[in-house]
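# Breakdown of the fold
Residues per chain, in single letters:
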Amino acid sequence: MFTGIVEELGEIVRTTDTGGDSALVAVRGPLVTSDARHGDSIAVNGVCLTVVDVDGGVFTADVMGETLRRTALGALRPGDPVNLERAAGLNSRLGGHLVQGHVDGVGELLSREPAAQWETVRFRLPAGLSRYVVEKGSITVDGISLTVAGVGDDWFSVGLIPTTLKLTTLGAKGAGDPVNLEVDVLAKYVERLLGDRAAGGDR
């Protein structure tokens, strides 16, 4: 479990095809690797990956074909920046919201509107996700916990403060760039429970 508060802007070192529709990804992140061990979880652009090895500030993780197909990780190349966050501890402050690191779909940055102290950024929503997104609710974009400023049938917008623009990948992304999206898991549980009740079920 994560909080969507990016700890470090890391960098893709290499991606190695391991066959069988999978890859081994190496990521540089001195902070998140400072106490990382084999088996730990680190979110890379919002995707929960399991640490296989750590060496000199670089960790490697296996990425299955399912993850490559359902996220934007497959489009990353050596040198690309990535948002990194270690799994939250039970004694951590919940600065963002509950984030699983399970990407629901890949969105697309549509536009940026700079203002004096922030930017309004609009993203395209994949089909089927808009029902989980509400104004003033939470959404995770490339691992960043953000508050929804506006929402339509196939888009949503957020306001980005200077700190977010400086310390995450969103500061440099442009129109057409893909982003990993994770909607609030609480919305999905509510939908399931209400659906069961409407159908007269008690699962």
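Criteria and cut-off values
Residues numbered from 1 in each chain as written. Predicted model: local features only at pLDDT ≥ 70, side-chain atom pairs only at ≥ 80, totals over all residues. Heavy atoms only, no water. Core = buried A, V, L, I, M, F, W, Y, C linked by side-chain atoms within 4.5 Å. Buried < 20%, exposed > 50% of the residue type's maximum accessible area, 1.4 Å probe, protein only. Helix = DSSP H or I, 4+ residues; strand = E, 2+ residues; numbered from the N terminus. Contact = heavy atoms within 4.5 Å. Salt bridge = Lys/Arg side-chain N within 4 Å of Asp/Glu carboxyl O. Pairing = 2+ DSSP bridges. Axes fitted to C-alpha atoms, helices over the stretch in contact; angles between N-to-C directions. pLDDT = per-residue confidence, 0-100. 1 Å grid on protein atoms, 1.4 Å probe; cavity = no way out; pocket = protein on both sides within 12 Å on 5 of 7 lines; lining within 4 Å. Points joined across faces, edges and corners; volume = space filled by probe spheres on them. Nonpolar A, V, L, I, M, F, W, Y, C, P; charged D, E, K, R; others polar. Polar contact = N/O pair within 3.5 Å; in protein donor to acceptor, adjacent residues only side chain to side chain.

## Describing the nonpolar core
With 20 residues, the main nonpolar core has F123, V133, V141, L146, F156, V158 and L170 as its most contacted residues. Among the secondary structure elements, those contributing two or more residues to this core are β8 (119-124), β9 (138-141), β10 (144-151), β11 (155-160) and β12 (178-183). For L146, the residues in contact, after removing those within four places along its chain, are G137, S138, I139, V141, V158, L160 and L170. Among the nonpolar cores identified, the runner-up in size contains 18 residues, and I42, V47, V63 and L84 belong to it.

## Quick word on the pattern of salt bridges
Applying the stated rule across the entire model yields 11 salt bridges. The residue R28 makes a salt bridge to E11 at a minimum N-O spacing of 3.4 Å. Placement of the pair is R28 in strand β2 (residues 22-28) and E11 in strand β1 (residues 8-17), with a sequence separation of 17 residues. Overall, R28 belongs to the partly exposed group, its relative accessible area being 36%. Look at E11 and you get partly exposed, because its relative accessible area is 31%. Between E191 and R131 there is a salt bridge, and its shortest N-O distance comes to 2.6 Å. With E191 in helix α3 (residues 185-198) and R131 in the loop between β8 and β9, the pair connects residues that are 60 residues apart, well separated along the chain.

## Regarding the sheet that holds strand β3 (residues 41-44)
Sheet architecture is closed into a barrel: six strands sit in the order β1-β2-β5-β4-β3-β6, paired in antiparallel fashion. Each strand of the sheet is rotated relative to its neighbour by a mean of 45°, with strand direction disregarded. Here β1 runs beside β2; their pairing, made up of six bridges, is antiparallel. Counterpart to T16 in the pairing with β2 is L24.

## Thoughts on the confidence of the model for the chain
On average, residues of the chain score 92 in pLDDT, and 96% of them are at 70 or above. Mean pLDDT in the chain bottoms out at α3, which sits at 80, and peaks at β3, which reaches 98.

## A short note on empty space enclosed by the protein
Scanning all chains against the criterion turns up one cavity of 30 Å³ or more. Roughly 50 Å³ of volume is contained in the largest cavity. The residue makeup of the lining of the largest cavity, split by class, is six nonpolar, one polar and no charged.

## Side note on the environment of D40
With respect to the helices, strands and loops of the structure, D40 is situated in the loop between β2 and β3. Spatially, the C-alpha atoms of D40 and L165 are 28 Å apart, while their sequence positions differ by 125 residues. If we ignore the near neighbours within four places in the chain, the residues touching D40 are D35, L49, T50 and V51. At a separation of 2.8 Å, a polar atom in the side chain of D40 contacts the main-chain amide nitrogen of R37.

## Observations regarding the sheet that holds strand β7 (residues 105-114)
The strand order β7-β8-β11-β10-β9-β12 describes a closed barrel built from six strands, whose pairing is antiparallel. Averaged over all pairs of adjacent strands, the angle between strand axes in this sheet comes to 45°, irrespective of strand direction. Relative to β8, β7 runs antiparallel, the two being bridged by six bridges. By the bridge assignment, P114 is partnered in β8 with E119.

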